[in-house]
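Each chain, letter by letter, is given below.
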Amino acid sequence: MHFALPTRGNSRSSPFLNNSVSRKYPIFRKPIYAIVLVVVIIFLLVRTFTGDSIPADAPHTVLVLVLNRTSTTATDSYIDKVIENRQEYARAHGYGLFIKNVGDYPTGNVPQGWARIPAIRHAMTEFKYSEYFWYLDQNAIIMNPALSLEEHITNPARLNTLIRRDVPVVPPESVIKTYKHVPAERIHFILSQDHEGLQPGSMIIRAGEWSKYLLDAWYDPMFRFYNFQKAETHALHIVQWHPTILTKLALIPQKIMNSYPTPIESKLAESGDAIYEKGDFVVHFHNCWNPGRSCEKEFMAYWNKRSTVS
């Protein structure tokens, strides 16, 4: 059998050759495309090696204050002094200051103390280049403003000496204990304990994805509406339920950042190592809204005892 052969020398005998794709890439036939491609590549390389540059005026640390102006015991004079105290400390060390009201965060039909959690999350958004966020209750005074958070707490060398290792997370008899060998460089959550348990009235959180996870988990509606006896404070027991959280937690001695005033309650009298002494960093009037006490009166009793920064 014989098949038809193309005519010798006819290089276009194939019906497909006329529609074949040119070997020359069209992008290089139009210089504008090549220029755009080069610009995109340069942009991606710059973003890769330089990242999102941090502004020179971005504070390393931010103080977070949530005010409850609706309280019957919170006079304007009292609130003004709280703000003055935080402003003085922030200016002294070049820190940021984030002030909001409880009403800025609708938490639902739950105690107002829950508002601290979305407030910290909000502060992290507003100060996206800052590393540490220190939440301190309204009912507290920074008594020794000469101490910076870095030298007093967060510097890894200093923090390593403060971390309480292998102690019950929820005293006195919790079977879950803090880890023995977590280095300070890995810590993202710093707080103390009192005679009742974990004490979030003064706490430091290091910014990052882990911290966002912690705040979101803590604020989860399942915990918020569970009706814990002590609301957000008891919900914080999640640190002992989740190793992911516990592994970045540092418990430090209470007097380092959360001293209590001269004891009024009998249980406080038993915790002598938590009572404020001259030179302590902070005095916190914990539970000062209880019957027989006055937050403003206790605050004013210590106001003139505080040191100031010139």
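From a predicted model like this one, the values you see are computed outputs, not experimental measurements.

Rules and cut-offs
- Residues numbered from 1 in each chain as written.
- Predicted model: local features only at pLDDT ≥ 70, side-chain atom pairs only at ≥ 80, totals over all residues.
- Heavy atoms only, no water.
- Patch = residues over 30% accessible without salt bridge, like charges linked within 9 Å, V, L, I, M, F, W, Y side chains within 5 Å.
- Areas by Shrake-Rupley, 256 points an atom, 1.4 Å probe, with all protein chains shown as cover.
- Salt bridge = Lys/Arg side-chain N within 4 Å of Asp/Glu carboxyl O.
- Helix = DSSP H or I, 4+ residues; strand = E, 2+ residues; numbered from the N terminus.
- Buried < 20%, exposed > 50% of the residue type's maximum accessible area, 1.4 Å probe, protein only.
- Pairing = 2+ DSSP bridges.
- Axes fitted to C-alpha atoms, helices over the stretch in contact; angles between N-to-C directions.
- Contact = heavy atoms within 4.5 Å.

### Some words on a nonpolar patch on the surface
Taken together, I32, I35, V36, V39 and V40 make up a surface patch of nonpolar side chains, about 440 Å² in accessible area. Here V39 lies in helix α1 (residues 31–50).

### A word on the pairing of strand β6 (residues 197–206)
Within a regular strand, the side chains alternate between the two sheet faces. Here β6 lies mainly inside the structure; 10 of its 10 residues are buried. As judged from the 5 bridges shared by strand β3 (residues 132–136) and β6, these two strands associate in the antiparallel manner. Note that in β6 the partner of Y135 across the bridge is M203. Taken together, the 5 bridges between strand β5 (residues 189–194) and β6 define a ladder with antiparallel strand orientation. Paired with Q193 across the strands is L198, a residue of β6. Counted between consecutive antiparallel strands, the loop separating β5 from β6 contains 2 residues.

### Overview of the sheet that holds β5
The strands that make up a sheet are held in pairs by hydrogen bonds between backbone atoms, and each pair lies either parallel or antiparallel. With mixed pairing, 6 strands are arranged side by side in an open sheet as β2-β1-β3-β6-β5-β7. Where the open sheet ends on each side, the last strands, each with one partner, are β2 (96–101) and β7 (249–251). Strand-to-strand twist of the sheet, defined as the mean angle between neighbouring strand axes without regard to direction, takes the value 25°. Sheet strands touched by helix α2 (residues 76–93): β1 (61–67), β2 and β3. Its angle to β1, the strand with the most contacts, is close to 175°. Across the sheet, helix α3 (residues 116–126) is in contact with β1, β2, β3 and β6; its angle to β6 comes to roughly 10°.

Keep in mind that these numbers describe shape and distance, not what the molecule does.
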